[in-house]
Every structure is written in structure tokens, then in C-alpha cells.
Amino acid sequence: MVRSLFRRIPVFAVVSAVIVSCPSLARSQTIINVNVGENRHTINPNIYGIANTTQAQIQDLNTPLVRYGGDSASTYNWLVNGDNRGTDWYFESIGDTSSVQGYRGDSFISMNKAAGSQAMVTIPMLPYVATLGKNRSIDYSFSIKKYGAQTGSDPYLPDSGNGISTKSGNPFITGNKPLDAYVASSATTQLAWIEHIIAKWGKEVNGGLRYYIMDNEPSIWHSVHRDVHPTGESMNEIYNDYLSYAGNVRAKDSGALIVGPEEWGWTGYFYSGLDQQYGASHGWGGPFPDQSAHGGMSYVPWFLQQLYKYQKSSGKQLLNVFSLHYYPQSGEFSNDDSAAMRATRNKSTRSLWDPNYTDVSWINSVVQLIPRMKSWVSVYYPGLQTGITEYNWGDEPNLNGATTQADIFGIFGQQALDMACRWGAPASNTPTYLAMKMYRNYDGQKSTFGDTSVACSVPNPDNLSAFAAQRTIDNAVTVMVINKVGTSAPINIDISGFTPGPDAQPYQISTTTQTGIAVLPQVAVAKGVLTATVPPQSITLYVIPTAPSGAQYDFEGSIQGWTTIGTPTATLNDSTLEHYTGTRSLSVSISGNAGTTSAYVPTPTTPAGATVTFHVWIPTGSPILSIQPYVEQGKLGGYTFTGTYVPIKNLTAGGWNTITVAVPKNAVTPLYSLGVQFTTGSKWTGTCYIDTVEW
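Here, residues in each chain are numbered from 1, in the same order as that chain's written sequence. Local features in a predicted model are, by the rule used here, given only for residues with pLDDT of at least 70; side-chain atom pairs are given and counted only at 80 or more, and totals for whole chains, interfaces and linings are based on all residues. The basis for every side-chain value is the complete set of non-hydrogen atoms in the structure, without hydrogens or water.

Participant: Tell me what's going on with unusual backbone geometry, and back it up with residues and numbers.
Facilitator: A cis geometry characterises the amide bond from Thr 567 onward to Pro 568, with omega recorded as 5°. Helix and strand assignments follow DSSP, with helices taken as H or I runs no shorter than four residues and strands as E runs no shorter than two, numbered in order from the N terminus. Among the secondary structure elements, Pro 568 is positioned in strand β27 (residues 563–575). In this structure, the amide linkage connecting Thr 669 to the following residue, Pro 670, adopts the cis form with an omega of 5°. Here Pro 670 is to be found in the loop between β33 (655–662) and β34 (673–680). Positive phi, normally seen in glycine, also occurs at Asn 135, with a value near 60°. Structurally, the position occupied by Asn 135 is in the loop between β8 (128–130) and β9 (139–140).

Dropping the structure here:
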């Protein structure tokens with residue numbers, strides 16, 4: 001993990017900063033526009049991942065993904081079950097309580113299985129891993145007795161120094177012996193650990209470990225692990241290491257998903273370790289030797305390009321999830337809750353997405369991290385998932401940390417990120433913890449924010465942001481409103497592309513003393529508009545149900561027991577592409593030679609004498625000859641078939657057709673079936689739709 005390192009040179013030219021007005025004491029009404037029919041895409045639940053947590057927190061937060069990683073993971077020795085802490089703690093090799101080989105990884109996987117989440121395990125690629133002294137005692141790299149006086153030492157182990165000499169200029173101590181605290185490692189060493197994991201847990205296809213992470217922030221090994229890797233990794237070195245270690249994962253488990261390169265932050269995206277080390281000692285003026293040796297290409301794009309070339313030539317995919325780390329660089333990752341820092345946090349999340357936002361830290365460039373990552377994938381390695389597998393904006397005990405975390409979760413979903421893991425779960429009694437719970441378990445019954453992102457816009461996301469989604473399980477629309485500033489905000493949520501029910505259910509976080517998420521009185525939704533006022537520094541989730549359609553079959557969220565029979569064949573799904581009412585309909589995908597196929601539901605509850613109304617959509621230019629909605633009685637009714645036959649000349653192509661069928665007054669119920677026949681005159685593949693079948 002890297003929180004913030006020494007100042008690094010910006011990579012891109014500065015663009016104009018966005019001027020954001022300060023909130024006034026009396027705020028005008030904020031219009032939140034939600035269009036359920038636009039910008040629809042699936043929200044991957046893996047964006048709600050975390051690291052460094054407990055089984056109880058995983059279950060309470062309903063967390064789908066948990067990462068084991070960080071600086072010390074680079075030096076984990078599975079044979080002794082211990083690691084070296086590098087610069088995080090005096091370069092000390094410290095053993096876990098258990099001496100059982102591989103226990104850390106096994107217990108981590110076991111915990112996640114018990115909690116119902118997926119584990120991500122980091123595989124070290126450093127040439128050394130930790131070793132321990134007699135009786136599992138601590139070994140360390142910079143003995144003061146051995147290497148001389150140093151500027152700091154472990155207060156509990158005074159001979160263990162920080163590796164910085166007290167000589168003039170406080171230089172780093174060099175020439176230390178790696179074997180003081182380490183043992184040599186290799187791809188073969190880690191292959192044995194991979195084999196151990198598979199032997200214990202099985203392959204991914206059989207429920208074994210799904211995600212293997214390839215080390216941690218390799219471009220700054222020369223800083224974090226300078227006791228064993230004092231020279232920065234070049235592009236070629238990290239690429240060749242990656243081929244060896246990731247190749248072992250792929251050789252042993254073809255179904256596992258490999259995650260990398262896990263780079264630390266802004267300069268780590270563009271410069272290899274070798275170039276970062278060069279830049280630090282040469283004023284960042286360039287030209288950079290490693291980039292120059294690779295045609296001027298930046299490090300991460302080059303890395304992706306080479307792995308894609310390798311896959312094309314070898315047929316082996318050694319990267320499934322393109323992952324980076326990101327920490328804001330203006331001090332946000334702290335518990336500073338001053339007014340100035342709150343304002344900085346409120347806007348700095350725009351670095352995750354906004355092409356018009358210049359980061360105000362030393363980065364001083366347009367970051368737009370998620371679109372940038374997706375662009376690199378599109379150009380250099382098409383088809384990869386994207387992930388931000390380590391991040392944190394701090395201020396966990398306060399509401400500003402909570403609103404920022406809620407904003408981040410919303411951005412991840414809106415920007416269609418595939419995976420994210422927050423560095424550390426907040427304490428369970430903090431507002432930030434509750435902010436995470438708002439998305440995954442707001443009612444204590446594992447109810448979640450919607451799984452399909454929909455269009456949602458606000459005028460000023462630095463003051464108030466909002467995110468909207470639709471939930472497959474019940475078709476409800478969920479809107480997360482995040483008031484970031486210290487004054488209350490009157491809001492109007494204008495909803496289109498969706499017919500809401502009369503009332504929405506709000507859930508809210510608005511004080512630092514809350515121990516749970518507050519359930520508020522319902523709020524009216526009139527003519528598609530929800531009007532309310534949200535408190536200062538608050539997070540409010542509005543759960544808006546769909547209006548009852550009155551239809552027996554509206555296909556809002558499922559196919560409601562319908563099936564098919566006949567030739568050509570047909571497959572059924574609930575679809576958002578066309579709908580007569582609501583947002584979904586039943587898609588009937590037909591494929592095959594000329595003939596008649598039916599989409600129907602068995603044993604409907606339709607009473608005798610009822611008039612059944614069908615709404616059917618057919619495409620233009622199809623070989624459909626006719627459609628026939630129908631009802632059919634069962635054996636006691638003599639299998640009597642009653643239908644309304646409509647030839648193509650009487651149908652509207654590219655639109656909805658309303659057709660009724662009168663059930664005989666003497667029909668024997670329950671009916672055998674109710675459905676629609678489609679007759680085609682030639683071989684065809686295409687889709688029709690059925691919606692709002694009612695009586």
C-alpha cells in the first residue's frame with residue numbers, strides 16, 4: 001500500500017480548472033434528473049470490495065469481494081507463514097502466530113467462503129521473501145550494530161534500524177545483505193504455493209480460489225523494499241517476471257482470473273521503477289531511459305500491449321483484470337476534517353471520472369482515471385475488466401468521510417468499473433462504515449442499491465451528487481442522494497422512463513452519532529417527481545417501487561413462467577429493449593425454418609368469460625405471416641382452442657399491436673394455456689415482444 005510518496009512530476013499539460021461556487025446559506029432547489037431508460041448498464045457488485053476486514057464485517061456489509069494484499073504481501077513466505085514489512089515497519093520479517101505452511105492464505109480463503117465472498121490472494125514476485133530467526137523470532141535488514149547509526153529504530157527492538165544513515169545528508173544505507181532477513185524466492189517457490197492452494201481448495205471451476213493478484217506496486221519496490229530491490233524494475237524486468245509467475249497460475253488453473261499490475265499511483269502508471277528512480281534523482285526533466293528504450297511509450301500501456309501480443313501469439317491469457325491503485329494526493333487520506341479539507345474531498349473524487357477536472361494536488365493534470373483505464377484497455381488489450389484494487393479517501397470517523405465513500409461507490413457504478421477494493425474496512429461504529437452499508441445492506445436484510453445503472457445528473461457534484469439504478473429483483477428504482485456540504489438542500493428528483501408507485505421509502509445517514517441507518521417516513525412521488533429536503537452532510541437512499549400495472553403478466557423482472565413450443569425454436573427473456581408499459585417486456589427470440597412457434601404460459605388463472613388483452617411487437621422486414629393470441633382449455637374442456645388470428649397485412653411492424661381474445665363463457669377452468677403463436681414463411685432469426693397481458 002502506498003498512501004502518498006514524495007512529489008512526482010505531472011505527466012500531462014495543465015488544463016483549465018473548473019470554477020465551483022461555494023454553497024450559500026439558503027440553497028436553491030437542486031434538480032436531480034433520472035431517466036431510467038437511458039445509459040443503462042450492469043453494475044458489477046465487485047466494485048463494493050474491501051481489504052483488511054473481518055468475517056462479521058463482510059457479512060454485515062454484504063461484501064462480495066475481499067483482497068489480501070499490500071506492501072507486506074510482496075514478501076510473504078508461505079513456507080514459514082511470515083512476511084517482511086519493508087519501509088512500513090523497519091524492514092522487519094515477522095511471523096504470524098501460526099507456523100503452519102500457507103496458513104495465512106488458507107485462513108483468508110476459509111473466512112471468505114464462510115462469509116459468502118470471493119477471496120483475492122496476492123502472489124509475491126520479488127526475488128526474496130521473508131525468513132525468521134530461531135523460534136520464529138524477528139529478523140531485520142538494517143542492524144545498527146552491523147550497518148552503523150541510523151536516524152530511527154524500532155522502539156521495541158532497538159537494533160532494528162530504518163536503513164537511513166546519520167551521516168551527512170542522511171543517505172540510504174546500501175550494500176546490506178538480503179539474507180539477513182530474507183531467503184531467495186523464485187517462480188518455482190510460488191508455484192509450490194499455488195499448487196498448495198489448489199490441492200486444498202480445488203480449481204476455480206470447482207469452487208477454488210478465483211482471483212490471483214500478481215504482487216503489489218512493483219514500480220516502487222526500489223523504495224518500499226529497497227533492502228532487497230534497491231534498483232527500480234525496468235519495463236522488461238517486470239514483464240518477464242510477470243510472464244513467469246502469472247504463467248504458473250494459468251498453467252495450474254485455466255479458469256482462474258489473474259489481476260495486475262497493481263501499480264501504486266499516478267507516476268506509476270507512466271514510468272517504470274527504473275524511470276521513477278531516474279526522475280527522482282534528475283529533477284524529472286527527462287528524457288527517461290526506460291521510456292526511450294521502448295519507443296517513448298508509457299509503462300502501463302506498454303505492459304498491456306506486450307501481454308496482449310503474448311496472448312495473440314501463445315494463446316495464453318495471463319491477465320483478466322487490469323488493476324491500478326489510487327490515493328488522492330492533497331492530504332485527503334487522513335482524519336483531517338477541517339473545512340478546507342472537506343471542500344477538497346468533496347471535489348477530488350472527480351479525478352475518478354471527470355474529463356474537465358484538473359487535480360489540484362502535485363498531479364496537476366486531468367486524471368479521469370476510470371475512462372483512462374478503459375481507453376487503455378480498448379487500445380492496448382481489448383476485453384479486459386478494469387479494477388481499482390486499492391484506494392482510500394480517509395476521514396472515516398466523520399460525515400465527510402462517509403459522503404466521500406458514498407460518492408466513490410456511486411461513481412464506480414456509474415462509470416461501469418468492474419472491480420474495486422477499499423483499503424481497509426472502517427470501524428463498524430463510523431459513518432463511513434454505514435455509508436458502505438447503504439449500498440449493500442441498508443435494511444439489515446441484504447437489500448441493495450440497484451444492479452443496473454441508469455442516467456442521473458446533478459448541476460454541481462461538488463456540493464450534491466446523486467446516482468440512480470434499477471433493481472432486477474423487484475424493478476424498483478434506487479436513487480442515492482449525497483449532500484456533501486454543511487447546509488440542507490431542497491431537492492426535486494424528476495423521474496422519466498419509469499412509472500413510479502405513489503410513495504418512496506427513504507433511508508438516511510445524517511449524524512456522526514448514528515449506530516444504524518435511519519428509516520424515514522415515506523415520501524410522495526407525484527407525477528414522476530419526488531420533492532424533499534436532505535440534511536447537511538447526509539446520505540439519503542430513496543427506494544422507489546414501480547407502479548402496479550394491473551396486468552397479470554407485465555414481465556417486470558422475470559418471464560413469469562412463460563415457455564415455448566414449436567418450430568422454429570424460440571427463447572424467452574425479460575428485456576428492456578422494448579416495452580408497452582413499465583420498463584420491460586417478454587422478448588421472443590425466434591430462429592429456424594418456416595413454421596409456427598408459440599410463447600405461452602401454462603395453467604393461467606384466467607376466468608371463463610374474460611376478455612384477455614395482449615400487446616405484441618413485431619419487427620419490420622420480417623417473414624412473419626401472422627400472429628395469433630389464444631387461450632386453450634384442458635382435457636375436461638376438450639382442448640378447445642380460442643384465438644384471434646391477425647394476418648401480417650393487418651399488423652403494425654416496428655410497433656405495438658393490441659389484440660384481444662374472448663374466453664368462452666362456458667370454458668372449463670383452469671385453462672390449459674394462454675399465449676401467442678407466431679407463423680413465419682421462410683427461414684428467419686429475429687425477435688418479437690409481448691407485454692402487458694391482462695384481463
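Still more to cover.
Participant: Kindly report on helix α2 (residues 103–115), identifying the contributing residues and their values.
Facilitator: The length a helix should cover is 1.5 Å for every residue beyond the first. Spanning 13 residues, α2 covers 18 Å between terminal C-alpha atoms, matching the ideal 18 Å at 1.5 Å per step. For α2, the set of buried residues is Arg 104, Gly 105, Asp 106, Phe 108, Ile 109, Met 111, Asn 112 and Ala 115. By the convention used here, residues are in contact when the closest approach between their heavy atoms is within 4.5 Å. Taken together, the buried residues of α2 touch α1 (55–61), β4 (65–68), β5 (82–84), β7 (118–123) and α4 (187–201). Note on α2: the residue one or two positions beyond its end, Gly 116, has a positive phi of about 85°. Only protein chains enter the accessibility calculation, which uses a 1.4 Å probe; a residue whose area is less than 20% of its type maximum is buried, one above 50% is exposed, and one in between is partly exposed.

Participant: For the sheet that holds strand β14 (residues 257–263), give the residues involved together with the corresponding values.
Facilitator: Spatial strand order, β3-β4-β7-β13-β14-β15-β16-β17: 8 strands in a closed barrel with parallel pairing. With strand direction ignored, the average angle separating the axes of adjacent strands in the sheet is 25°. Between any two strands, at least two bridges found by DSSP are needed for them to pair. Here strand β16 (residues 385–391) runs beside strand β17 (residues 419–422); their pairing, made up of 3 bridges, is parallel. Its bridge partner lying in β17, Ile 388 is registered against Ala 420. To get an axis, fit a line to the C-alpha atoms, keeping to the stretch in contact for a helix; angles then go from 0 to 180 degrees between the N-to-C directions. Running at roughly 160° to β14, helix α10 (residues 299–314) makes contact with β14 and β15 (321–326) of the sheet. Along the sheet, helix α12 (residues 369–380) makes contact with β15 and β16, crossing β15 at roughly 150°.

Participant: Describe the environment of Gly 279, listing the residues and the values that go with them.
Facilitator: Position of Gly 279 relative to the elements: it lies in helix α8 (residues 273–281). What makes Gly 279 buried here is its relative accessible area of 1%. Not counting the four nearest positions on each side in its chain, Gly 279 is found in contact with Trp 284 and Phe 288.

Participant: Could you give an account of the pairing of β7, with specific residues and numbers?
Facilitator: For β7, the tally of buried residues reaches 5 of 6 residues, placing the bulk of the element in the interior. One ladder, built from 4 bridges, connects β4 with β7; its direction is parallel. Each residue of the ladder has a partner; that of Leu 65, found in β7, is Gln 118. Alignment of β7 against strand β13 (residues 211–214), held across 4 bridges, turns out to be parallel. By the bridge assignment, Met 120 is partnered in β13 with Tyr 211.

Participant: Before we move on, could you go through the packing of helix α13 (residues 399–414) against helix α14 (residues 431–440) and cite the residues and values that matter?
Facilitator: Following both chains from N to C, one finds α13 and α14 inclined at 25°, their axes separated by 7 Å at the closest point. For the element pair α13 / α14, the angle class is roughly parallel. The handedness of the crossing between α13 and α14 comes out as right-handed. On the side of α13, the interface is formed by Leu 399, Gly 401, Ala 402, Gln 405, Ala 406, Phe 409 and Gly 410, while α14 contributes Pro 431, Thr 432, Ala 435, Met 436 and Tyr 439. Taken together, the residues of the contact of α13 with α14 sort by class into 8 nonpolar, 4 polar and no charged. Throughout, the term roughly parallel applies to angles under 35 degrees, roughly antiparallel to angles over 145, roughly perpendicular to angles from 65 to 115, and oblique to all others. Here a crossing is taken to be left-handed if its near helix is turned anticlockwise relative to the far helix by less than a right angle, and right-handed if that turn runs clockwise. Put simply, Ala, Val, Leu, Ile, Met, Phe, Trp, Tyr, Cys and Pro go in the nonpolar bin, Asp, Glu, Lys and Arg in the charged bin, and everything else, Gly too, in the polar bin.

Participant: Talk me through the nonpolar core; I want residue IDs and the actual numbers.
Facilitator: In these notes, a set of buried Ala, Val, Leu, Ile, Met, Phe, Trp, Tyr and Cys residues joined through side-chain atoms within 4.5 Å is what counts as a nonpolar core. With 104 residues, the main nonpolar core has Tyr 242, Leu 352, Ile 388 and Phe 412 as its most contacted residues. Setting aside residues up to four positions removed in sequence, Ile 388 forms contacts with Leu 324, Tyr 326, Leu 352, Leu 369, Ile 370, Met 373, Phe 412, Leu 417, Met 419, Ala 420 and Cys 421. Core analysis: the next-biggest nonpolar cluster, separate from the first, contains 31 residues, Leu 586, Val 616, Val 646 and Leu 674 among them.

Participant: Lay out the pattern of salt bridges in plain terms, naming residues and giving numbers.
Facilitator: The term salt bridge refers to a pairing of a side-chain nitrogen on Lys or Arg with a carboxyl oxygen on Asp or Glu at a separation within 4 Å. Under the defined criterion, the tally for this structure stands at 17 salt bridges. Note that Glu 262 is salt-bridged to Arg 67, the shortest N-O span being 3.4 Å. Taken as a pair, Glu 262 in strand β14 and Arg 67 in strand β4 lie far apart in primary sequence, 195 residues in all. For Glu 262, a relative accessible area of 0% puts it in the buried group. In this structure, Arg 342 and Asp 337 form a salt bridge, with 3.6 Å as the shortest nitrogen-oxygen distance.

Participant: Describe empty space enclosed by the protein, with residues and values.
Facilitator: Every definition here rests on a 1 Å grid over the protein atoms only: cavities are sets of points where a 1.4 Å probe fits but cannot get out, pockets are open sets enclosed by protein on both sides within 12 Å along at least five of seven lines, and lining residues have some atom within 4 Å of a point. Grid points are joined across faces, edges and corners, and a volume is the space filled by probe spheres set on the points. All chains considered together, the criterion is met by 2 cavities of 30 Å³ or more. If you add up the space inside the largest cavity, you get close to 50 Å³. Within the residue set of the lining of the largest cavity, elements represented by two or more residues are α13, β18 (452–457) and β19 (464–470). When residues of the lining of the largest cavity are assigned to their parent elements, the largest contribution, 4 residues, is made by α13. A per-class count over the lining of the largest cavity returns 8 nonpolar, 4 polar and no charged.

Participant: Describe the sheet that holds β9, naming the residues involved and giving the relevant values.
Facilitator: With respect to topology, 3 strands assemble into an open sheet ordered β5-β6-β9, the strand pairing being antiparallel. Two strands in the sheet have a free side with no partner beyond their single neighbour: β5 and β9. Both β5 and strand β6 (residues 92–95) contribute to a ladder of 3 bridges, which runs antiparallel. Bridged to Asp 83 within β6 is Ile 94.

Participant: Describe α8, with residues and values.
Facilitator: Three or more residues of α8 are buried, namely Gly 273, Asp 275, Gln 276 and Gly 279. Along the long axis of α8, the arc covered by the buried residues comes to 160°, so they all point the same way. The secondary structure elements touched by the buried residues of α8 are α5 (221–224), α7 (266–270) and α9 (289–293). Positive phi appears at Gly 283, one or two residues downstream of α8, with a value of about 70°. Directions pointing from the helix axis toward each C-beta atom define the arc.

Shape is all these values report; function is a separate question.
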